[in-house]
Amino acid sequence: MATGSTPTSTSVTWGSRWTFILAATGSAVGLGNIWKFPYITGEYGGGAFVLVYLACILAIGIPVMIAEVMIGRAGRTDPADAMTKLARESNAPRQWGLLGAVGMIAGLMIMMFYSVVAGWALEYVSQSVTGAYSHLDATAIESNFSSLLASSDRQLLWHSVFSLVTASVVAAGVTGGIGKAVDILMPLLFGFLLLLVGYSAVNGDFSAGLHFMFDTDFSRLTSEAVLVAMGHAFFTLSLGMGAIMAYGAYFPGHSSIGTTVLTIAALDTIIALLAGMAMFPLVFANDLVPGQGPGLMFVTLPIAFSNMSGGMFFGSLFFALVSIAALSSSISLIEPGVAWLEKHGIKRPISTFSLAGIAWLGGIASIHSGTIFNILDKLTTNIMLPLGGLLIAIFAGWIMQRDRVQDETGISHPRIFAVWRFALRYIAPLGIIAIFLHSLGLMGWVMR
Ligand code: PFF
């Protein structure tokens, strides 16, 4: 798919639905599924958190995702200009376009920690190839990860490599290559995760792992956990900042958006659940702490690889697949900004390397300061993305005309359309607002 130019109706061919699916799945499936979902599930106590996350995907994420694709397709340009154009069409203030601009900034801010974590995955490709952790026991594997966190040089090296590769792919303006790579590598990653779940079932404490993930003990659910579950629903589906909107511009005119979005969301969710099911049995079998934080993937899986025969080969392959999944997501983090700058006269390579350069500098800050890393993560995931999603839901549900929306989504079944529109107008916005208020401790005050 050529992202170097604004898609026009002529560039949208029969093949572009598949292009959209690959690009959007590539964006959605990434570190959020394999690295982040398991570790936040561990931190926030397991089952009840997972249930709230699933409810947020279903009631908020999917309706907003359909809206984003619809807006992208209707606008046929970069997110900021698409919103401005559609706002004008609906006689609404053109300031709605600012939403696209804030989204671009959110994308850069996410890139500032995403690229650091992708760098950790690259470090583990290198460690697996050289067999660096092949003879270590669980405790030594834990301190191996801590020593990576303590080494800013090694983190800087891999963060720089990852930033450079992302920028080169985006600068080339063609995601066709990476789209094709996703086509092959995603099923491979999927198969691999299944294998790891199988390994954990045999060698780990599978029942403890499953109990932890699926027993819903609501007494352990804090209001912060609810906010994090909602934020993660946005993060994992790449929503609230225009990434999916940018790709929606490629969605062909006549196909229905609904089933495509459902497929992508289902795939994304299954991959996250499999990642959790691969890791938690190993956590319990090795007396590790489920809430140990961002190191979870980098500790549990190396323990498995160091114990299996051919483990270093599998380890190299696995971390390489994770790095590529991260790459197809990071592209979509800077693409909306690049598309916008390009449309306003700045050459693609210059805009790409400027934006990637800013994100790279921010990444150096998050390498040196855990606080900056956390602020970037929490601010974007838990506040900016849901806020973006709230505004997108209001825009598509309340500002755009009903008939235009129905026409653009291609959902022809009246009842299904009505359910989606209800979710978009009421459930998603009220859900997001309620969760915000709840986490601020204001819900009790509002209900009084
Ligand atoms: N969805 C990606 C993941 O789960 O790793 C992260 C991401 C990509 C978030 C693009 C937001 C975005 F716009």
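The structure we're discussing is the one just above.
Quick caveat: nothing in here was measured; it's all calculated off a predicted structure.

A closer look at the site of the ligand
Here comes step 1: Residues in close proximity to the ligand total 15 residues, the closest being Ala 28, Gly 32, Tyr 114, Phe 235 and Met 241.
Here comes step 2: With respect to the ligand, the side chain of Asn 33 contributes an N or O atom lying 3.4 Å from an oxygen atom.
Here comes step 3: The protein chains hide 100% of the 340 Å² of surface that the ligand would expose on its own.
Here comes step 4: Here the ligand is seated within the largest cavity.
Here comes step 5: At the level of secondary structure, the elements contributing two or more residues to the shell around the ligand comprise α1 (16-28), α2 (31-43), α10 (223-236) and α14 (311-343).

Details of the layout of surface pockets
Rolling a probe over the atoms, with the probe sized like a water molecule, indicates the empty space that remains.
Here comes step 1: Of the pockets and cavities examined, the largest pocket occupies roughly 350 Å³.
Here comes step 2: In terms of lining residues, the largest pocket is bounded by 19 residues, among which Ile 62, Ile 66, Leu 262, Ile 416 and Trp 420 are the most central.
Here comes step 3: Mapped by element, the contributors of at least two residues to the lining of the largest pocket are α3 (47-75), α12 (257-285) and α18 (414-439).
Here comes step 4: Ranked by residues supplied to the lining of the largest pocket, first place goes to α18 with six residues.
Here comes step 5: A class-by-class count of the residues in the lining of the largest pocket yields 13 nonpolar, six polar and no charged.

Brief notes about the pattern of salt bridges
Pairing between side chains of opposite charge can happen when their charged atoms approach one another.
Here comes step 1: Under the definition given, this model contains nine salt bridges.
Here comes step 2: Salt-bridge contacts for Lys 36 lead to Asp 377; the nearest nitrogen and oxygen are separated by 2.8 Å. Of this pair, Lys 36 sits in helix α2 while Asp 377 is found in helix α16 (residues 370-399), placing the two residues 341 residues apart along the sequence. For the pair formed by Lys 36 and Asp 377, the shared burial category is buried.

Brief notes about the packing of α3 against α10
Here comes step 1: One can describe the packing of α3 onto α10 by two numbers: an axis separation of 8 Å at closest approach and a directional angle of 45°. Put simply, α3 runs oblique to α10. Between α3 and α10 lies a crossing of right-handed hand. Taking contact as the criterion, the partners of Phe 49, Val 52, Tyr 53, Cys 56, Ile 57, Ile 60 and Val 64 in α3 are, on α10, Ala 225, Val 226, Val 228, Ala 229, Met 230, His 232, Ala 233, Phe 234 and Thr 236.
Here comes step 2: When grouped by side-chain class, the residues that make up the contact of α3 with α10 number 14 nonpolar, two polar and no charged.

Scoring rules and cut-offs
- Residues numbered from 1 in each chain as written.
- Predicted model: local features only at pLDDT ≥ 70, side-chain atom pairs only at ≥ 80, totals over all residues.
- Heavy atoms only, no water.
- Near = heavy atom within 4 Å.
- Polar contact = N/O pair within 3.5 Å; in protein donor to acceptor, adjacent residues only side chain to side chain.
- Areas by Shrake-Rupley, 256 points an atom, 1.4 Å probe, with all protein chains shown as cover.
- 1 Å grid on protein atoms, 1.4 Å probe; cavity = no way out; pocket = protein on both sides within 12 Å on 5 of 7 lines; lining within 4 Å.
- Sits in = over half its atoms within 2 Å of the grid points.
- Helix = DSSP H or I, 4+ residues; strand = E, 2+ residues; numbered from the N terminus.
- Points joined across faces, edges and corners; volume = space filled by probe spheres on them.
- Nonpolar A, V, L, I, M, F, W, Y, C, P; charged D, E, K, R; others polar.
- Salt bridge = Lys/Arg side-chain N within 4 Å of Asp/Glu carboxyl O.
- Buried < 20%, exposed > 50% of the residue type's maximum accessible area, 1.4 Å probe, protein only.
- Axes fitted to C-alpha atoms, helices over the stretch in contact; angles between N-to-C directions.
- Parallel < 35°, antiparallel > 145°, perpendicular 65-115°, else oblique.
- Left-handed = near helix turned anticlockwise from the far one by under 90°.
- Contact = heavy atoms within 4.5 Å.

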